Amino acid sequence: MSNTPPQVIVVQATKNPGMAALLGCLFGPIGLLYSTTKGALIMFVVSFVVALVTAGFGLLFVWPICGVWGYKAAKAENEKFLAGATKP
(Lines give C-alpha, C1' and ligand atoms only; values in the text may rest on other atoms or scores of the structure.)
Protein backbone atom coordinates (compact mmCIF):
# COMPACT_ATOMS: atom_id res chain seq x y z
CA MET A 1 0.00 0.00 0.00
CA SER A 2 1.20 3.51 -0.85
CA ASN A 3 1.68 6.23 1.78
CA THR A 4 0.89 9.08 -0.61
CA PRO A 5 -2.23 11.11 0.20
CA PRO A 6 -5.17 10.84 -2.19
CA GLN A 7 -5.38 13.37 -4.97
CA VAL A 8 -8.11 15.96 -4.42
CA ILE A 9 -9.73 17.62 -7.42
CA VAL A 10 -11.63 20.84 -6.85
CA VAL A 11 -13.92 22.05 -9.61
CA GLN A 12 -14.87 25.71 -9.38
CA ALA A 13 -15.52 28.28 -12.05
CA THR A 14 -13.43 31.43 -11.88
CA LYS A 15 -15.13 34.80 -11.93
CA ASN A 16 -14.82 37.03 -14.96
CA PRO A 17 -13.32 40.40 -13.88
CA GLY A 18 -14.76 42.15 -16.93
CA MET A 19 -18.25 40.91 -16.11
CA ALA A 20 -17.78 41.96 -12.49
CA ALA A 21 -16.83 45.48 -13.59
CA LEU A 22 -19.77 45.71 -15.97
CA LEU A 23 -22.27 44.51 -13.37
CA GLY A 24 -20.84 46.90 -10.78
CA CYS A 25 -21.09 49.88 -13.15
CA LEU A 26 -24.59 49.03 -14.36
CA PHE A 27 -26.21 47.89 -11.12
CA GLY A 28 -24.01 49.36 -8.39
CA PRO A 29 -23.91 47.37 -5.16
CA ILE A 30 -26.30 44.74 -6.52
CA GLY A 31 -23.85 44.03 -9.35
CA LEU A 32 -21.02 43.94 -6.84
CA LEU A 33 -22.64 40.88 -5.26
CA TYR A 34 -21.22 38.85 -8.19
CA SER A 35 -17.67 39.31 -6.96
CA THR A 36 -17.78 40.20 -3.25
CA THR A 37 -20.59 40.04 -0.73
CA LYS A 38 -18.74 42.02 1.93
CA GLY A 39 -17.93 44.79 -0.54
CA ALA A 40 -21.54 44.86 -1.74
CA LEU A 41 -22.85 45.31 1.80
CA ILE A 42 -20.40 48.15 2.40
CA MET A 43 -21.39 49.85 -0.84
CA PHE A 44 -25.11 49.44 -0.06
CA VAL A 45 -24.57 51.53 3.07
CA VAL A 46 -22.31 54.05 1.30
CA SER A 47 -24.77 54.38 -1.59
CA PHE A 48 -27.68 54.93 0.77
CA VAL A 49 -25.86 57.67 2.70
CA VAL A 50 -24.56 59.35 -0.46
CA ALA A 51 -28.01 59.22 -2.07
CA LEU A 52 -29.58 60.87 0.98
CA VAL A 53 -26.97 63.60 1.25
CA THR A 54 -26.79 64.45 -2.46
CA ALA A 55 -30.39 63.72 -3.47
CA GLY A 56 -29.14 60.82 -5.62
CA PHE A 57 -26.61 62.71 -7.72
CA GLY A 58 -23.66 61.26 -5.80
CA LEU A 59 -24.52 57.82 -7.13
CA LEU A 60 -22.96 58.90 -10.43
CA PHE A 61 -19.64 58.68 -8.59
CA VAL A 62 -20.39 55.72 -6.34
CA TRP A 63 -21.48 53.24 -9.04
CA PRO A 64 -18.25 53.41 -11.07
CA ILE A 65 -16.42 52.71 -7.80
CA CYS A 66 -18.52 49.55 -7.54
CA GLY A 67 -17.30 48.57 -11.00
CA VAL A 68 -13.64 49.06 -10.10
CA TRP A 69 -14.08 47.26 -6.78
CA GLY A 70 -15.85 44.37 -8.52
CA TYR A 71 -13.05 44.03 -11.07
CA LYS A 72 -10.33 44.02 -8.41
CA ALA A 73 -12.24 41.62 -6.14
CA ALA A 74 -12.89 39.11 -8.93
CA LYS A 75 -9.28 39.27 -10.08
CA ALA A 76 -7.95 38.82 -6.53
CA GLU A 77 -10.27 35.88 -5.86
CA ASN A 78 -9.20 34.18 -9.10
CA GLU A 79 -5.53 34.66 -8.25
CA LYS A 80 -6.05 33.30 -4.74
CA PHE A 81 -7.96 30.29 -6.06
CA LEU A 82 -5.43 29.51 -8.78
CA ALA A 83 -2.51 29.88 -6.35
CA GLY A 84 -4.18 27.40 -4.01
CA ALA A 85 -4.90 25.04 -6.88
CA THR A 86 -1.25 24.74 -7.85
CA LYS A 87 0.01 23.87 -4.35
CA PRO A 88 1.03 20.22 -3.98
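Residues numbered from 1 in each chain as written. Predicted model: local features only at pLDDT ≥ 70, side-chain atom pairs only at ≥ 80, totals over all residues. Heavy atoms only, no water.

Enquirer: Please explain unusual backbone geometry as it appears in this structure.
Expert: Residues other than glycine predominantly adopt negative phi, and peptide bonds predominantly adopt the trans conformation. Backbone geometry places alanine 55, a non-glycine residue, at a positive phi of 60°. In this structure, alanine 55 sits in the loop between helix 3 (37-54) and helix 4 (59-85). (Helix = DSSP H or I, 4+ residues; strand = E, 2+ residues; numbered from the N terminus.)

Enquirer: Before we go on, may I ask you to explain the side chain of asparagine 78 in this structure?
Expert: Counting through the fold element by element, asparagine 78 comes out in helix 4. By relative accessible area, asparagine 78 is classed as buried at 13%. (Buried < 20%, exposed > 50% of the residue type's maximum accessible area, 1.4 Å probe, protein only.)

Enquirer: Which parts of the structure should I look at to understand the pattern of salt bridges?
Expert: Two side chains carrying opposite charge are able to pair once their charged atoms lie near each other. Applying the stated criterion across every chain yields a total of one salt bridge. Among the salt bridges present, the one from lysine 15 reaches glutamate 77, with a minimum N-O distance of 3.9 Å. Of this pair, lysine 15 sits in the segment before helix 1 (17-27) while glutamate 77 sits in helix 4; the two residues are 62 residues apart in sequence, bridging distant segments of the chain. Note on glutamate 77: relative accessible area 26%, which makes it partly exposed. (Salt bridge = Lys/Arg side-chain N within 4 Å of Asp/Glu carboxyl O.)

Enquirer: Whenever I open this one, the environment of glycine 28 confuses me. Can you help?
Expert: Mapped onto the elements of the fold, glycine 28 is located in the loop between helix 1 and helix 2 (29-32). Sequence spacing of glycine 28 and leucine 82 is 54 residues, and the spatial spacing of their C-alpha atoms is 27 Å. Discounting chain neighbours no more than four positions away, the residues touching glycine 28 are Leu23, Trp63 and Cys66. (Contact = heavy atoms within 4.5 Å.)

Enquirer: Teacher, can you tell me more about the packing of aromatic side chains here?
Expert: Ring pairs (aromatic) are described by centroid distance and by the angle formed between their planes. In the structure shown here, the tally under the stated rule is zero aromatic pairs. Stacked on the ring of tyrosine 34, the Lys or Arg lysine 15 has its end atom at 5.8 Å from the ring centre. (Phe/Tyr/Trp six-rings, centres within 6.5 Å; stacked < 30°, edge-to-face > 60°. Lys NZ or Arg CZ within 6 Å of the ring centre and 35° of its normal.)

Enquirer: Whenever I open this one, helix 3 confuses me. Can you help?
Expert: What sets the pattern is the α-helix's 3.6 residues per turn: residues three or four places apart point alike. The first and last C-alpha atoms of helix 3 sit 25 Å apart over 18 residues, in line with the 26 Å expected at 1.5 Å per residue. Those residues of helix 3 lying buried are Gly39, Ala40, Met43 and Ser47. The buried side chains of helix 3 occupy one side of the element, clustering within an arc of 90° when seen end-on. Summarising the geometry of helix 3, the exposed residues directed more than 90 degrees from the buried face are Lys38, Leu41, Val45, Phe48, Leu52 and Val53. Within two residues after helix 3, alanine 55 carries a phi angle of roughly 60°, on the positive side. (Expected span 1.5 Å × (residues − 1). Arc of directions from axis to C-beta.)

Enquirer: Please explain helix 1 as it appears in this structure.
Expert: Within helix 1, the full set of buried residues consists of Pro17, Ala20, Ala21 and Gly24. For helix 1, the angular spread of buried residues about the axis comes to 100°, placing them on one side. Its side-chain oxygen 2.9 Å from the backbone nitrogen of glycine 18, asparagine 16 forms the N-cap of helix 1. Of the residues trailing helix 1, glycine 28 is marked for its positive phi of about 65°. (Polar contact = N/O pair within 3.5 Å; in protein donor to acceptor, adjacent residues only side chain to side chain.)

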